[in-house]
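# Fold and geometry: a report
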Amino acid sequence: QVQLVESGGGLVQAGGSLRLSCAASGRTFSSYRMGWFRQAPGKDREFVAAVSRSGGTTYYADSVKGRFAISRDNAKNTVYLQMNSLKPEDTAVYYCAAQNSVSDRFIASRYDYWGQGTQVTVSS
């Protein structure tokens, strides 16, 4: 089992940047695929980005491609989401998630473990 704790959220003006971190417990972090999702009020949880176990392959939602970057440091048991050129529509609670099997990385229900979420608010 793995426990995930997100940090780094906050309030930022449009065009600004934030870096989210997700620290994982346990000694098998490198065996998990990792993803970031977000959920705005009244909306479903949506895929943002994912990274392979080694960190060598990344995936992004079209809405964030070119602005966000996911990365991981397996030595530190941490996954990051660098968010640049933020827009008001990026406002949401951001969650990191871990996937313990080969499954669809774009679907929230296919992830096994979740953090508690961190609020990101982008003002216009």
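Worth saying up front: this structure is predicted, and the values here are computed from it rather than measured. Here the residue numbers are simple positions, counted from 1 along each chain's written sequence. Residue-level local features of this predicted model are given only where pLDDT is at least 70; pairs of side-chain atoms are given and counted only at 80 or more, and the full residue set underlies all totals for whole chains, interfaces and linings. Side-chain figures throughout are based on the complete set of non-hydrogen atoms in the structure, without hydrogens or water.

Segments assigned H or I by DSSP are reported as helices when at least four residues long, segments assigned E as strands when at least two residues long, and all are numbered from the N terminus. Helix and strand counts for the protein stand at zero helices and 11 strands. Its helices and strands taken in sequence order, the protein reads β-β-β-β-β-β-β-β-β-β-β from the N to the C terminus. Relative to the globule expectation of 14 Å for 124 residues, the C-alpha radius of gyration of the protein, 13 Å, shows essentially globular dimensions. Taken over the C-alpha atoms alone, the protein extends approximately 40 × 25 × 25 Å along its principal axes. Here the protein holds 124 residues, and the buried ones make up 43% of them. Of the contacts made within the protein by residues no fewer than 6 positions apart, 58% connect residues no fewer than 24 positions apart. We get accessible surface area from the Shrake-Rupley algorithm with a probe of 1.4 Å; when it comes to residues, only the shown protein chains can shield them. When the accessible area of the protein is evaluated, it comes to approximately 6200 Å², of which 45% is carbon and sulfur surface. When charges are counted, Lys and Arg are positive and Asp and Glu negative, with His and the chain ends excluded. For the purpose of locating charges, the reference atoms are NZ of Lys, CZ of Arg, CG of Asp and CD of Glu. The averaged location of the 9 negative side-chain charges in the protein is 6 Å from the averaged location of its 14 positive side-chain charges. The quantity called the radius of gyration is restricted to C-alpha atoms. Its globule counterpart is 2.2 Å times the number of residues to the power 0.38. Three exposure classes are used, based on accessible area relative to the maximum for each residue type with a 1.4 Å probe and protein chains only: buried under 20%, partly exposed in between, and exposed over 50%. For this analysis, residues touch if any pair of their heavy atoms sits within 4.5 Å.

Turning our attention to the sheet that holds strand E3 (residues 18-24). Pairing between strands is defined by DSSP: at least two bridges between them are needed. With antiparallel pairing, four strands are arranged side by side in an open sheet as E1-E3-E8-E7. The open sheet has two edge strands with one neighbour each: strand E1 (4-7) and strand E7 (68-73). When the angles between neighbouring strand axes are averaged without regard to direction, this sheet yields 15°. As defined by bridge partners, E7 adjoins strand E8 (residues 78-83) across six bridges and the pair is classed as antiparallel. Each residue of the ladder has a partner; that of arginine 72, found in E8, is valine 79. Axis definition: a line fitted to C-alpha atoms, over the contacting stretch in the case of helices. Angles run 0 to 180 degrees between N-to-C directions.

What counts as a disulfide here is a pair of cysteine sulfur atoms lying within 2.5 Å. Under the definition given, this model contains one disulfide. With its sulfur 1.9 Å from that of its partner, cysteine 22 forms a disulfide with cysteine 96. Across the S-S bond of cysteine 22 and cysteine 96 the torsion is about 40°, and the bridge reads as right-handed. Separated by 74 residues along the polypeptide, cysteine 22 in strand E3 and cysteine 96 in strand E9 (residues 92-99) bring together distant segments of the chain. Judged by its relative accessible area of 0%, cysteine 22 falls in the buried class. Judged by relative accessible area, cysteine 96 falls into the buried class, the value being 0%.

What follows deals with the packing of aromatic side chains. Between rings of Phe, Tyr and Trp, where Trp is taken as its six-membered ring, a pair exists when centres lie within 6.5 Å; planes separated by under 30 degrees are stacked, by over 60 edge-to-face, and by other angles tilted. Taken as a whole and assessed by the stated rule, the structure comprises eight aromatic pairs. Residues phenylalanine 47 and phenylalanine 106 carry aromatic rings whose centres are separated by 4.9 Å and whose planes lie at 80° to one another, so their mutual orientation is edge-to-face. Of this pair, phenylalanine 47 sits in strand E5 (residues 46-51) while phenylalanine 106 sits in the loop between E9 and strand E10 (113-114), and the two are 59 residues apart along the sequence. Here the aromatic rings of tyrosine 59 and phenylalanine 106 are separated by 5.9 Å at their centres, their planes lie at 85°, and the arrangement is edge-to-face. Residue tyrosine 59 is found in strand E6 (residues 58-60), and its partner phenylalanine 106 is found in the loop between E9 and E10; the two are separated by 47 residues along the sequence.

Let us now look at the side chain of arginine 105. Secondary-structure assignment places arginine 105 in the loop between E9 and E10. For the buried arginine 105, which has no salt bridge, the nearest side chain bearing the opposite charge is aspartate 104, at an N-O separation of 6.6 Å. Not counting chain neighbours up to four residues away, the residues in contact with arginine 105 comprise Arg33, Phe37, Phe47, Ala50, Tyr59, Gln99 and Tyr111. By definition, a salt bridge exists where a carboxyl oxygen of Asp or Glu is found within 4 Å of a side-chain nitrogen of Lys or Arg.

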